[in-house]
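Structural description and commentary
Chain by chain, the residues run as shown.
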Amino acid sequence: MSSVTPTRNVKGEQDMHNMTKRGSTYYVRFIVPQDRWHDVGRATAARAGIRRDIVKSLYTKDYRQALLRRDAKLATIRTEIDAALVAHGLPPLHGDWSPACGDLQQQLTDQALQARQALEEADDYRAPYYRNDDPATGVIVSESISDRDFGADVVRESLHESAQRIAQRIGGPAGDKAAREACQQAQAIASGTATPLGILLDRWFPQIDGVVTKQLIDRHHLALSRLGQHLAQAAGIETGDPEGYARSIPIERINRKTAGHFREWLEKLPGLGPRVVGFHLSTMNTFWKWAQDVGYAEVNPWEGSTRGLKRKISLSTRARGEKRPYTDDELVRLLTQARERMTQPNRGPWARVIYDMLRLAPLTGCRQNELASLTVGRVIRPQHPGQLWRISVTENVSKTRSSVREVPLHPIARAVIEQRLADLPAQPAADAMIFPECRPGGRDNKPGHYLSKRYATFLKSVLGENNAVDFHSFRRCFATFIKQAEANGADSCSDLVLDHLLGHKPVTLATNTYAAKRFDWSVYDRAITEMGDRGIAEAVLEAMRA
């Protein structure tokens, strides 16, 4: 019998197999085969003598993160059960079994952490021994051994005994050395002079949850997994849970040399480009800065670890082909194809969404999610005649603080929004979606998730394989239109106005520090108007109006 519940693939249903939820926290549930209930109960000292399942916390409130941790936790529980069974002279759950060295290292760290907690709770009182056993003399000649002292001796012996399993697993002088180092590390953890990364990571991840994207958190976990893989290989041992192995390593063990070796190892991995290497090193740098702030790291060994990567990324990007704006001919082809597909039967609602986005994106410079998440309340109608309509990019959908802004709508873009508003039910709520087709999805539950997939398919069908353009190329088009208008004499289309409209932080000291953060709205209205008059080819405008 299996300890893993069979999986049913039902579309739209959450995969909760081998998982349960208590309150808002997810737990993993390992199901013991029925014919082994008594054996596992005996090996794990169950009160009733049998054990049907084992439930352990996944330490997360996020469903997707729980899924990522589930299989590794199940493997860890299975390893622990097999170890307990073998220790009691019983066969393991699944045939022959011998733990990987990395798993033994993690078990030793867990043992040390439990001992650390027990020692911290133990009484440290030492009874005084007086000269001639007479307290009246006031002369203390020695002290008794405290419960904590006694416990520390027991812990040292226990950890030494457990570490010998590593020596037996590896064998020879290499095994003795690995066991000795593992024992010293475990004793340092138990005594409180060393802190495993896992303790700190369990504090760090909850602090950044909700502050950074889920996608970035996933990237952090991948970086830690690769760090664990590297450290295990460097130690010459195997591990089935690389991130778990990394979590068992004390933060004090990671130094400048470790950081340098990790970067070299990453750069040699096949298929791993310099940008991903930079992401992984950035994870380490960010975490260690936090560890410094909370007093667990004296220095940050990862500072400066990305030096030289910027040039490598630039060279790699150049070799792949740099991203660019769409040409006028490409824009016309995309608009023409999107309009034709709207008239074809069985094309579904996405044909219209894509056609509307093809007109809004290059005329506003807004990002994909900024448009897909647009609500009725974010459409700003003018209070005075002659002013342009605007759309607001609010903090909850903006990429950065500088991205919070309002963007005037060119008459063509306004017509798209007006039609969308007219299609909504009468008196829609302020949070009603302008693009209801764009349901939230993906790791961060963003409205732009499915739009991204649909547009990529459409783009490939029209222009073929072309890595030089994507949805973000519309922002490049917008910037090109503004600069083209400026070259043709448009006074309002300056670099600073463009930064404000795109939601970029100005680069120069003068504009970033001393210039106004926002101009009068008439300046932006004139810039959008001049962009349409002097910056966009007539063929493109005609394709947008059709």
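Here we summarise the structure given alongside this text.

Conventions we followed
Numbers given for residues are sequential positions, taken from 1 along each chain in its written order. Predicted model: local features are reported for residues with pLDDT of at least 70 only, side-chain atom pairs are reported and counted for 80 or more only, and whole-chain, interface and lining totals are derived from all residues. In computing side-chain properties, one takes all heavy atoms of the structure into account and sets aside hydrogens as well as water. Numbering of helices and strands runs from the N terminus, with a helix taken as a DSSP run of H or I at least four residues long and a strand as a DSSP run of E at least two residues long. Computation of the radius of gyration draws on C-alpha atoms alone. For the globule rule, the value is 2.2 Å times the number of residues to the power 0.38. Three labels apply to residues, based on accessible area from a 1.4 Å probe with only protein chains included: buried if under 20% of the type maximum, exposed if over 50%, partly exposed otherwise in between. Residue contacts are defined here by distance: any two heavy atoms, one from each residue, within 4.5 Å place the two residues in contact. Between any two strands, pairing holds if DSSP finds at least two bridges. With axes taken as lines fitted to C-alpha atoms, and helix axes fitted only over the stretch in contact, angles between N-to-C directions fall between 0 and 180 degrees. Our angle categories are set so that under 35 degrees counts as roughly parallel, over 145 as roughly antiparallel, 65 to 115 as roughly perpendicular, and the remainder as oblique. Left-handed is the label given to a crossing in which the near helix is rotated counterclockwise from the far helix by less than a right angle, and right-handed is the label when the rotation is clockwise. Basically, the charged four are Asp, Glu, Lys and Arg, the nonpolar ten are Ala, Val, Leu, Ile, Met, Phe, Trp, Tyr, Cys and Pro, and anything else, Gly included, counts as polar. To pair, rings of Phe, Tyr and Trp, with the six-membered ring standing in for Trp, must have centres within 6.5 Å; the planes then decide the type, stacked if under 30 degrees apart, edge-to-face if over 60, and tilted in the middle.

**A short note on the overall build of the chain**
Summing up its helical and strand segments, the chain has 21 helices and eight strands in all. Since a compact globule built from 546 residues should have a radius of gyration of about 24 Å, the 31 Å found for the chain marks it as more spread out than a globular shape. Projected onto its principal axes, the C-alpha positions of the chain cover 105 × 60 × 50 Å. Across the 546 residues in the chain, those meeting the buried criterion constitute 44%. Partitioning the intrachain contacts of the chain with sequence separation of at least 6 by distance along the chain shows that 66% fall at a separation of at least 24.

**Let's talk about the sheet that holds strand 1 (residues 19-22)**
Spatially, the three strands line up as an open sheet ordered 1-2-3, and their pairing is antiparallel. In the strand order of this sheet, the two ends are held by strand 1 and strand 3 (53-57), each with one partner. Direction aside, the axes of adjacent strands within the sheet are offset by 30 degrees on average. Pairing analysis gives four bridges linking strand 1 to strand 2 (residues 25-31), with the strands arranged antiparallel. Bridging across to strand 2, R22 finds its partner in T25. Seen against the sheet, helix 2 (residues 63-87) touches strand 1, strand 2 and strand 3 and runs at an angle of roughly 35 degrees to strand 2.

**Section: unusual backbone geometry**
Even without being a glycine, N18 presents a positive backbone phi close to 60 degrees. Relative to the helices and strands, N18 resides in the segment before strand 1. A residue is classified by how much of its surface remains accessible, and N18, at 5% relative accessible area, is buried. You will see that N445, though not glycine, has its phi angle at about 55 degrees, which is positive. Within the secondary structure layout, N445 lies in the loop between helix 15 (411-423) and helix 16 (448-463).

**Focus on the packing of helix 6 (residues 197-208) against helix 7 (residues 214-234)**
It is at 11 Å that the axes of helix 6 and helix 7 come closest, and there the two elements cross at 160 degrees. Accordingly, the angle class assigned to the pair helix 6 and helix 7 is roughly antiparallel. In this structure, the crossing between helix 6 and helix 7 has a hand that is right-handed. Seen from helix 6, the contacting residues are L201, W204, F205 and I208; seen from helix 7, they are I217, H220, H221 and L224. Its residues assigned to classes, the contact of helix 6 with helix 7 comprises six nonpolar, two polar and no charged.

**Points about the environment of G386**
Tracing the chain through its elements places G386 in the loop between strand 6 (379-380) and strand 7 (390-393). By relative accessible area, G386 is classed as exposed at 76%. Considering only alpha carbons, one finds G386 and G295, 91 residues apart in sequence, at a separation of 59 Å.

**Examining the packing of aromatic side chains**
Aromatic ring pairs are defined here through the distance separating the ring centres and the angle between the ring planes. Taken as a whole and assessed by the stated rule, the structure comprises 15 aromatic pairs. Between F287 and W290, the aromatic rings sit 5.9 Å apart at their centres with planes inclined by 25 degrees, giving stacked as the arrangement. Residue F287 and its partner W290 are located together in helix 10 (residues 274-293), separated by three residues, close to a single helical turn. Residue classification places W290 among the buried positions, given a relative accessible area of 11%.

Such coordinate-based values are descriptive only and should not be taken to indicate function.
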